[in-house]
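Single-letter residue listing:
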Amino acid sequence: MEEGKFQTDDEVLKGMLSRRFHYAKAHRTSAYHHTFRTKTRWELVRLSLLIVGIECTYATETAFVAPILLAIGLPHTLMTMMWAMPPIVGVLFVPVVASVSDRLRSAWGRRRPVLLVLGIAMLLGMMLLPHGRVIGEAIGLRSVAWIATITTIGLTTTDFSAEASNGLCRTYAMEVCTIQDQARVLSTMMLIGGLGGMLGYLFGAIDWSALPIGQYFESNEAAVFTANWVVLLVGLVSTLTSFAEIPLPVQEEDELLRPVTHFMLQNEVKRMRGDEYTAQTNLTESIGFRQFVRNTVQMPRSMKILCLTQFLSHMGYLPYCLYFTDFVGAEVFGGDVKAPEHTPEFIRYEEGLRFACWGMALFAGCASLYSLVIERLIDRVGARPAYVGGLMAHCVGMLAMGLLRTRAIVLVCCSLTGIMYATIYSIPFLLISHYHSKNSFHMEDGKCVESTEPRGFGADVSMMSSVLCLAQLIVSLVIGVLIDAAGTTTVITYAAGGCTFLAAVSAMAVLYMGL
């Protein structure tokens, strides 16, 4: 006991992990001992490869879904409305998927079985998206309405599965890593996730018909989606076979086979120093659906503010993501998508689209590079300045792009958006992990107050996905109206800048608990 009083928290954590590591190796199976050791950089990369496939999928969707729907024969108004379908499904079912995952008692773990189902759904959706016309004609449904329906089913399946997998993949990675590695795995996911997005945009920049392999595909879009399909499959298999999860029944039966959290660490420190501590550490992540609904409705104030900040962040990012290429083609290059082919206006628009794709690739690359330093930035200046600064970078960039509309400014602003993207896909998830590991969602007199209400970690992470779905729904329904009312796509830059500024203001009120 006296020796424990002089140990630092890091030394106590090292001892806890060491005991569990050797216990798992000696008493159960070597498949679980990895949870209690530090992961190598390559192991973190392997854990993150599914994110590469997901980000590549997002990039391909952004670049090609609109042209595919327009080529079917849909007017722009209906094409824009099609983007509203995935978020409607996402808002309703992403939290439900996460709640089911929290309570899953499979011998394969809680996250991987769900990720496998979602991954298969993504792969099927990616097959439907570029082949809606071919599938419709094959089954005798040749009308525009039926072909659009088949394509939209592919879009909804792919987008919903990708969004649900995005949060669950991060949950899985953090649960099989030590608390010291959680920030590392999130930054690794941002790094190679950005490379996945860049890969998707570069796939779209290739003229596949000019390559020998292009003769095997019915269209350029089919070639791009096939390349994306392969990347997604490799990422799915790699991540799901990386590390075994400790099943929920095993964690319930054996306390030494539960992942070490900040709460458990603090409890152990109190015990060794002779302070008052909780004698029995209970699992609180496996919650029923009724409790899950209650947690969603009655969120702690800290979670409400974090969800609001993430919602406003996505409201600022999505107009750029969905309408950026059209803005560059029409406003920066002075082109016209409705002009006859081979006319100067149409050619300028096509040049603008290609330039925009390179800008989006730059955005993805900058997100990856920034993810390399964001962890050290948080350590040096704290999470609050890093969070607010990342959001303001995008705000300034969007306003500058709307006012100046030059090619150089476009590229600079894409870089700033990469900083914001890396920020909103790392710091909020790190904060949720911080709340759960401390088992606290508010502070009094500068001290964390232990939560008495059980909350699911996976369900709380999925709320970040749900607010994205809600933001996408609103953007899909509102931005088109704003563009028509203003008569110019420049309005998207002002809308994006305004929403991101509000997100930065909201981020000032987020609870950081010393992070």
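Everything quoted here is computed from the prediction, not taken from an experiment.

About the cut-offs
- Residues numbered from 1 in each chain as written.
- Predicted model: local features only at pLDDT ≥ 70, side-chain atom pairs only at ≥ 80, totals over all residues.
- Heavy atoms only, no water.
- Helix = DSSP H or I, 4+ residues; strand = E, 2+ residues; numbered from the N terminus.
- Rg over C-alpha atoms; globule rule 2.2 N^0.38 Å.
- Buried < 20%, exposed > 50% of the residue type's maximum accessible area, 1.4 Å probe, protein only.
- Contact = heavy atoms within 4.5 Å.
- Areas by Shrake-Rupley, 256 points an atom, 1.4 Å probe, with all protein chains shown as cover.
- Lys, Arg positive; Asp, Glu negative; His and termini not counted.
- Charge placed at Lys NZ, Arg CZ, Asp CG, Glu CD.
- Polar contact = N/O pair within 3.5 Å; in protein donor to acceptor, adjacent residues only side chain to side chain.
- Pairing = 2+ DSSP bridges.
- Domains from an automatic or database assignment.
- Buried area = accessible area lost by both parts, 1.4 Å probe.
- Salt bridge = Lys/Arg side-chain N within 4 Å of Asp/Glu carboxyl O.
- Patch = residues over 30% accessible without salt bridge, like charges linked within 9 Å, V, L, I, M, F, W, Y side chains within 5 Å.
- Axes fitted to C-alpha atoms, helices over the stretch in contact; angles between N-to-C directions.
- Parallel < 35°, antiparallel > 145°, perpendicular 65-115°, else oblique.
- Left-handed = near helix turned anticlockwise from the far one by under 90°.
- Phe/Tyr/Trp six-rings, centres within 6.5 Å; stacked < 30°, edge-to-face > 60°.
- Bend = angle between axes of the 7 residues up to and from the residue.
- Core = buried A, V, L, I, M, F, W, Y, C linked by side-chain atoms within 4.5 Å.

Peer 1: Is there a simple way to explain the overall build of the protein in this structure?
Peer 2: If you tally the helices and strands in the protein, you get 20 helices and two strands. A globule of 515 residues ought to have a C-alpha radius of gyration of about 24 Å, and the protein, at 24 Å, matches this closely. Each of the three principal axes of the protein carries a C-alpha extent, and together these read 85 × 50 × 40 Å. Looking at the protein as a whole, 57% of its 515 residues are labelled buried. Intrachain contacts of the protein at a sequence separation of at least 6 include 82% that bridge at least 24 residues. Here the protein displays about 21,400 Å² of accessible surface, and carbon together with sulfur accounts for 63% of that area. Charge centroids of the protein, computed over 38 positive and 41 negative side chains, lie 5 Å from each other.

Peer 1: How should the side chain of T239 be read in this particular structure?
Peer 2: Its place among the elements puts T239 in helix α10 (residues 220-240). On the basis of relative accessible area, T239 is assigned to the buried category, the value being 0%. A distance of 3.3 Å separates the side chain of T239 from the backbone oxygen of L47, its partner in a polar contact. Engagement of the side chain of T239 in a polar contact is seen with the backbone nitrogen of L50, the distance being 2.9 Å. In this structure, T239 is in contact with R46, L47, S48, L49, L50, C169 and Y172, ignoring residues within four places of it in sequence.

Peer 1: Whenever I open this one, the side chain of S476 confuses me. Can you help?
Peer 2: Its location among the elements puts S476 in helix α19 (residues 457-486). Within polar-contact distance, the side chain of S476 engages the backbone oxygen of Q472 at 2.7 Å. When neighbours within four sequence positions are excluded, S476 is seen to be in contact with T80, W83, A84 and Y323.

Peer 1: Looking at this structure, I do not really get the pairing of strand β1 (residues 440-444). What am I missing?
Peer 2: Across a regular strand the side chains alternate sides, sitting on one face of the sheet and then on the other. With four bridges connecting them, β1 and strand β2 (residues 447-450) associate as antiparallel partners. Bridging from a neighbouring strand, H442 pairs with V449 of β2. Where β1 folds back on β2, the antiparallel hairpin that results is connected by two residues, among which D445 adopts a positive phi of roughly 55°.

Peer 1: Just checking my understanding: could you explain the domain arrangement of the protein for this structure?
Peer 2: Along its sequence, the protein is carved into domain 1 (38-242) and domain 2 (287-514). The centre of domain 1, based on its C-alpha atoms, is set 19 Å off from the matching centre of domain 2. With 42 residues of domain 1 at the interface, the matching set in domain 2 holds 43 residues. Carbon and sulfur atoms make up 71% of the surface buried where domain 1 meets domain 2, a total of about 3,800 Å² over both sides. Area buried by domain 1 at its contact with domain 2 is led by E163, M190 and Y201, which between them contribute 16% of it.

Peer 1: Any chance you could explain the pattern of salt bridges here in plain terms?
Peer 2: For side chains of opposite charge, pairing can occur when their charged atoms come near one another. Under the counting rule described, the total for this entry stands at eight salt bridges. We note a salt bridge from E252 to R105, for which the minimum N-O separation is 2.8 Å. You can see E252 sitting in helix α11 (residues 248-253) and its partner R105 sitting in the loop between α5 (85-103) and α6 (112-128), a full 147 residues away along the chain. What makes E252 partly exposed here is its relative accessible area of 37%.

Peer 1: Any chance you could explain the environment of K14 here in plain terms?
Peer 2: If you trace the backbone, K14 turns up in helix α2 (residues 9-27). Distance in space between the C-alpha atoms of K14 and A367 is 33 Å, their sequence separation being 353 residues.

Peer 1: Sorry if this is basic, but what is going on with a nonpolar patch on the surface here?
Peer 2: Taken together, M85, I88, V91, L92, F93 and L470 make up a surface patch of nonpolar side chains, about 490 Å² in accessible area. Looking at the nonpolar patch, the element that brings in the most residues is α5, giving five residues.

Peer 1: Help me understand the packing of helix α14 (residues 301-332) against helix α17 (residues 407-424), please; the structure alone is not making it clear to me.
Peer 2: For any two helices packed against each other, the geometry is given by the interaxial angle and the distance between the axes. Two elements in contact, α14 and α17, have axes separated by 11 Å at closest approach and are oriented at 155°. In terms of orientation, α14 and α17 fall into the roughly antiparallel class. Here the hand of the crossing between α14 and α17 comes out left-handed. Counted together, Q310, S313, H314, Y317, Y320, F324, V328 and V332 of α14 and R407, V410, C414, T417, M420, Y421 and I424 of α17 form the full contact between these two elements.

Peer 1: Sorry if this is basic, but what is going on with the packing of aromatic side chains here?
Peer 2: The relation between two aromatic rings is expressed through the spacing of the ring centres and the mutual angle of the planes. Taken as a whole and assessed by the stated rule, the structure comprises ten aromatic pairs. A centroid spacing of 6.3 Å and a plane angle of 45° characterise the contact between Y317 and Y320, whose relative ring orientation is tilted. A residue pair is termed a helical-turn pair when its members lie 3 or 4 positions apart in one helix, as Y317 and Y320 do in helix α14 at three residues. As far as burial versus exposure is concerned, Y317 and Y320 are alike and both buried.

Peer 1: What is the right way to read the environment of L308 from this model?
Peer 2: In this fold, L308 is placed in helix α14. Separated by 199 residues in the primary sequence, L308 and A507 place their C-alpha atoms 8.9 Å from one another.

Peer 1: Can you help me understand α14 in this one?
Peer 2: At Y323, α14 shows its largest bend, some 65°. With 25 of 32 residues buried, α14 lies mostly within the body of the structure. Following α14 by one or two positions, G334 adopts a phi angle in the positive range, close to 70°.

Peer 1: For this particular structure, what's the right way to read the nonpolar core?
Peer 2: The nonpolar side chains of soluble globular proteins are, as a tendency, buried together. Counting residues in each nonpolar core, the largest one holds 132 residues, and the members touching the most others are Y320, F324, V328, Y387 and Y435. A total of 17 residues in this core trace back to one element, the largest contributor, which is α14. In terms of domain composition, this core takes at least three residues from each of domain 1 (38-242) and domain 2 (287-514). V328 has contacts with F333, G352, F355, A356 and V410, leaving out every residue within four places of it along the chain. Within the second largest apolar cluster, 17 residues are counted, among which are L17, Y32, I179 and M272.

Peer 1: Whenever I open this one, unusual backbone geometry confuses me. Can you help?
Peer 2: Trans peptide bonds make up the majority, and among non-glycine residues the majority have a negative phi. Phi angles above zero are rare outside glycine, and R405 is one such case at about 55°. Mapped onto the elements of the fold, R405 is located in the loop between α16 (383-404) and α17. Look at R405 and you get partly exposed, because its relative accessible area is 35%.

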